[in-house]
Amino acid sequence: MNLTEHFLDTRKHTQSICKTLTIEDHVVQVAVFASPAKWHLAHTTWFFETFILKVHAPNYKEYHKDYNFLFNSYYNNAGDRVFRANRGNMTRPSVEEIYNYRKYVDEAILKLIINNDSDTLKDLITLGIHHEQQHQELLLTDIKYMLGHNPLFPAYDTDTSLLANEKNKDSGFHSVEEGIYTIGFQATGFSYDNEMGVHKVYLHDFEISKGLVTNEEIIQFIEDGGYSNFTFWLDEGWSWVEANEINAPLYWHKIKGEWHHFTLKGLQKVVSKSIANHISFYEAAAFAEWKGMRLPTEFEWEVAAQKLNWGKRWEWTNSAYLPYPKFKKAEGALGEYNGKFMINQMVLRGASIATAPNHSRKTYRNFFHPDARWQFTGIRLAK
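Residues numbered from 1 in each chain as written. Predicted model: local features only at pLDDT ≥ 70, side-chain atom pairs only at ≥ 80, totals over all residues. Heavy atoms only, no water.

### As for empty space enclosed by the protein
Following the criterion strictly, the structure yields two cavities of 30 Å³ or more and no others. Of the pockets and cavities examined, the largest cavity occupies roughly 70 Å³. Lining the largest cavity are 13 residues, with Val28, Ser35, Asp142, Ile143 and Met146 sitting closest to its centre. Counting residues per element, the lining of the largest cavity draws most heavily on helix 5 (residues 119–148), at five residues. (1 Å grid on protein atoms, 1.4 Å probe; cavity = no way out; pocket = protein on both sides within 12 Å on 5 of 7 lines; lining within 4 Å. Points joined across faces, edges and corners; volume = space filled by probe spheres on them. Helix = DSSP H or I, 4+ residues; strand = E, 2+ residues; numbered from the N terminus.)

Shown next as structure tokens:
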């Protein structure tokens, strides 16, 4: 697939995610961390306009003077922006106008590709594509969070394959020998700056589970008082449980004595043998403590990855999100892409059923705050 095809395919797929939404669905913001679909559609377009067209396209005319303020996310170098919690207040511009904005920018990017084949431009467009692929996953999980908090639990799509009832293919544990291992991105092709800085780590021998924790095991944890026993929880995690009255994974509801959960196909019974989903780091750490085990570090995960079946859930590790040796932020706004978030977040490895195809790799470092669970997150144990 050439650059033009990759660009068009990515832009088309983002809009296909929204095809089942009503106009009202595009605008709602249920929580500060979950952005409206309309904002995702506009922000990914703003990225191409701001970092590529305004800089590299001669005589490019900005679509609207206010869009930089409305659709900038966190790039301080790019100027002022709307407070994140107010993204759902943008009833104007209309959804129709945002789709027009996307068309306008797409046409300008395609024209630029024809007239400029520099490596710098290709690298920037590739970054924009991967940025949009990240937002495709966020878009889908934000849509699920919105519909999952609708009192009627409406389905996103009754035909979707993203039901999240995947089952483990393997059981037991893999053993990894003590030794010095190389960590970081070493292949050709695209990677993010936080994967670079190839370095050595020393690991003690360990075992890592071949499968992920299942709903059945989560139910056992619940029935054994796991959510009401502070012994299993990190202090901050226990405070989170008490403050938010957490007693089960996100989207779980007990109805007439049976556990149900909201899926993209609507409310359904929990399938016991399926892989657990929407788990926070706090819950993952507590579950591991209850099992008498632990979460793997991100380095253990990367070393063991070639032996594991992964890609159904983002997997929490017991590693804080920190820079690799010799990590260096790029100049300007794009330098804000990863580096400034290396504080108070935990690393997740792998990918999920919502991750863009071929977008993830064993060196990919996802990261979220330990209370986050609206993404497709699960648990792999180590000992």
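From this point, things continue past the structure.
### Thoughts on the nonpolar core
In this structure, Phe71, Ile109, Ile125, Ile218, Trp233 and Ile379 are the most contacted members of the largest nonpolar core, which totals 94 residues. When residues in this core are grouped by element, the largest group, eleven residues, is from helix 5. Those residues within four positions of isoleucine 218 in sequence are excluded, and the remaining contacts are Val213, Pro249, Trp252, Ala276, Ile279, Phe287 and Ile379. Of all hydrophobic cores here, the second largest spans ten residues; its members include Ile183, Phe206, Ile208 and Val303. (Core = buried A, V, L, I, M, F, W, Y, C linked by side-chain atoms within 4.5 Å. Buried < 20%, exposed > 50% of the residue type's maximum accessible area, 1.4 Å probe, protein only. Contact = heavy atoms within 4.5 Å.)

### Focus: helix 4 (residues 95–115)
In this model helix 4 runs 31 Å from its N-terminal to its C-terminal C-alpha over 21 residues, within 8% of the 30 Å that 1.5 Å per residue would give. Among all positions in helix 4, only Val95, Ile98, Tyr101, Arg102, Val105, Asp106, Ala108, Ile109, Leu112 and Ile113 are buried. Elements in contact with the buried residues of helix 4: helix 1 (3–17), helix 2 (37–56), helix 3 (67–71) and helix 5. (Expected span 1.5 Å × (residues − 1).)

### Quick notes on helix 1
For helix 1, with 15 residues, the first-to-last C-alpha span of 22 Å sits near the 21 Å given by 1.5 Å per residue. Along helix 1, the residues classified as buried are Phe7, Thr10, Arg11, Thr14 and Ile17. Across the axial projection of helix 1, the buried residues extend over an arc of 125°, all falling on one side. Packing partners of the buried residues in helix 1 comprise helix 2, helix 4 and helix 5. Capping the start of helix 1, asparagine 2 holds a side-chain oxygen 3.2 Å from the backbone nitrogen of threonine 4, two or three residues further along. (Arc of directions from axis to C-beta. Polar contact = N/O pair within 3.5 Å; in protein donor to acceptor, adjacent residues only side chain to side chain.)

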